[in-house]
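Working through the structure, step by step
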Amino acid sequence: TAIRGKLLFPLIAVLLLLLSACGAETKKEPVHVDRTVSVFGTTARFSVEGKEAEKAVAECEERLKLISNELNVKNNEGCIARLNAAAGSGEWTKLSPEAWHILSVSQKYSELTDGAWDITIRPLSSLWRRSFKNDTLPSEDDIKAAQEKVGSEKLELREDDKSARLTVQGMGLDLGGVIK
């Protein structure tokens, strides 16, 4: 029993130390990070709690910026801008995983809505934006010409290498309705 007592005391001491360390850890207030960022022409709000909340928010912000750059039609380095620029050339444009997902899902919704959902609307949306900016209405001829460049059937997706092409020169994608 003397040996048992000599071994039991250090064991109890170690257990008490471990328990107090665990108790101290759980008594700490969790870190809370609340941040709003501007992305995709809107705002995104992050509200994260935990020991690595700041790191998680920073990673989310960075990821959204990368996706935004890739999908931004004004960023000539992004795959959507490259796809729009290659419209009608017959060239296939390799897409990022996010762009591929958005385009393939959009194509499915276009089929489900008999074309009511159509991300190839850029020629028309650009025409109307210019008209509003100039405080005019587009002509019937301009509308008709833009409509000839619109249609989800003119967006081709190739699954084996996750690439796409627009079959008519002057076509373009407008992801404003889907990206947010």
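Just above sits the structure.
Procedures and definitions
Residues numbered from 1 in each chain as written. Predicted model: local features only at pLDDT ≥ 70, side-chain atom pairs only at ≥ 80, totals over all residues. Heavy atoms only, no water. Phe/Tyr/Trp six-rings, centres within 6.5 Å; stacked < 30°, edge-to-face > 60°. Helix = DSSP H or I, 4+ residues; strand = E, 2+ residues; numbered from the N terminus. Buried < 20%, exposed > 50% of the residue type's maximum accessible area, 1.4 Å probe, protein only. Lys NZ or Arg CZ within 6 Å of the ring centre and 35° of its normal. Salt bridge = Lys/Arg side-chain N within 4 Å of Asp/Glu carboxyl O. Contact = heavy atoms within 4.5 Å. Polar contact = N/O pair within 3.5 Å; in protein donor to acceptor, adjacent residues only side chain to side chain. Expected span 1.5 Å × (residues − 1). Arc of directions from axis to C-beta. Core = buried A, V, L, I, M, F, W, Y, C linked by side-chain atoms within 4.5 Å. Pairing = 2+ DSSP bridges. Axes fitted to C-alpha atoms, helices over the stretch in contact; angles between N-to-C directions. Parallel < 35°, antiparallel > 145°, perpendicular 65-115°, else oblique. Left-handed = near helix turned anticlockwise from the far one by under 90°. Nonpolar A, V, L, I, M, F, W, Y, C, P; charged D, E, K, R; others polar.

**Here we look at the packing of aromatic side chains**
- What the rule picks out here adds up to one aromatic pair.
- Considering the side-chain rings of Trp128 and Phe132, the 5.8 Å spacing of their centres and the 45° angle between planes classify their relative orientation as tilted. Of this pair, Trp128 and Phe132 both sit in helix α5 (residues 122-133), four residues apart, roughly one helical turn.
- By relative accessible area, which is 30% here, Trp128 ends up partly exposed.
- Its end group placed over the ring of Trp92, Arg158 keeps NZ or CZ at 4.3 Å from the ring centre.

**Some words on the pattern of salt bridges**
- Taken as a whole, this structure holds 10 salt bridges when the rule is applied.
- One salt bridge connects Arg129 with Asp174, and the closest N-O pair in it is separated by 3.8 Å. Of this pair, Arg129 sits in helix α5 while Asp174 sits in the segment after β5 (163-166); the two residues are 45 residues apart in sequence, bridging distant segments of the chain.
- A salt bridge links Arg165 to Glu156; the nearest nitrogen and oxygen atoms lie 2.6 Å apart.
- The exposure class of Glu156 is partly exposed, given its relative accessible area of 28%.
- The structure contains a network of salt bridges with shared partners spanning Arg35, Glu54 and Glu61.

**Describing the environment of Asn84**
- By the element assignment, Asn84 lies in helix α3 (residues 79-85).
- Residue Asn84 is classed as buried on the basis of its relative accessible area, which comes to 14%.
- Separated by 87 residues in the primary sequence, Asn84 and Met171 place their C-alpha atoms 6.6 Å from one another.
- Asn84 has contacts with Val73, Arg122, Leu166, Met171, Gly172 and Leu173, leaving out every residue within four places of it along the chain.
- Separated by 2.8 Å, the side chain of Asn84 and the backbone nitrogen of Leu173 make a polar contact.

**Side note on helix α2 (residues 53-71)**
- Compared with the 27 Å implied by 1.5 Å per residue over 19 residues, the 27 Å span of α2 between its first and last C-alpha is a close match.
- All buried positions along α2 are accounted for by Ala53, Val57, Glu61, Ile67, Ser68 and Leu71. An end-on view of α2 places all buried positions within 130° of arc, on one side of the element.
- On the buried face of α2, the contacting elements are β1 (32-39), β2 (42-49), α3 and α4 (97-112).

**A look at the nonpolar core**
- If you look at the biggest cluster of nonpolar residues, it comprises 27 residues, and the most contacted ones within it are Leu103, Leu173 and Leu175.
- For this core, the secondary-structure elements that each account for two or more residues are β1, β2, α2, α3, α4 and β5.
- Dropping the residues within four chain positions of it, Leu103 is found in contact with Ile80, Leu83, Leu95, Ile119, Leu155, Leu157, Ala164, Leu173 and Leu175.

**Let's talk about the sheet that holds β5**
- Pairing is antiparallel across the open sheet formed by three strands, whose spatial order is β3-β5-β4. Of all the strands in the sheet, the pair left with one neighbour each is β3 (93-94) and β4 (155-158).
- Relative to β5, β3 runs antiparallel, the two sharing two bridges. Note on β5: the bridge partner recorded for Thr93 is Ala164.
- Across the sheet, α4 lies against β4 and β5, angled at about 120° from β4, the strand it touches most.

**Examining the packing of α5 against helix α6 (residues 140-147)**
- Axis separation between α5 and α6 bottoms out at 8 Å; the angle between their running directions is 155°. With respect to their mutual orientation, α5 and α6 come out roughly antiparallel. Crossing geometry of α5 relative to α6 is assigned as right-handed. Facing α5, whose interface residues are Pro123, Leu124, Leu127 and Trp128, α6 presents Asp142, Ile143, Ala146 and Gln147.
- Of the residues contributing to the contact of α5 with α6, the split by class is six nonpolar, one polar and one charged.

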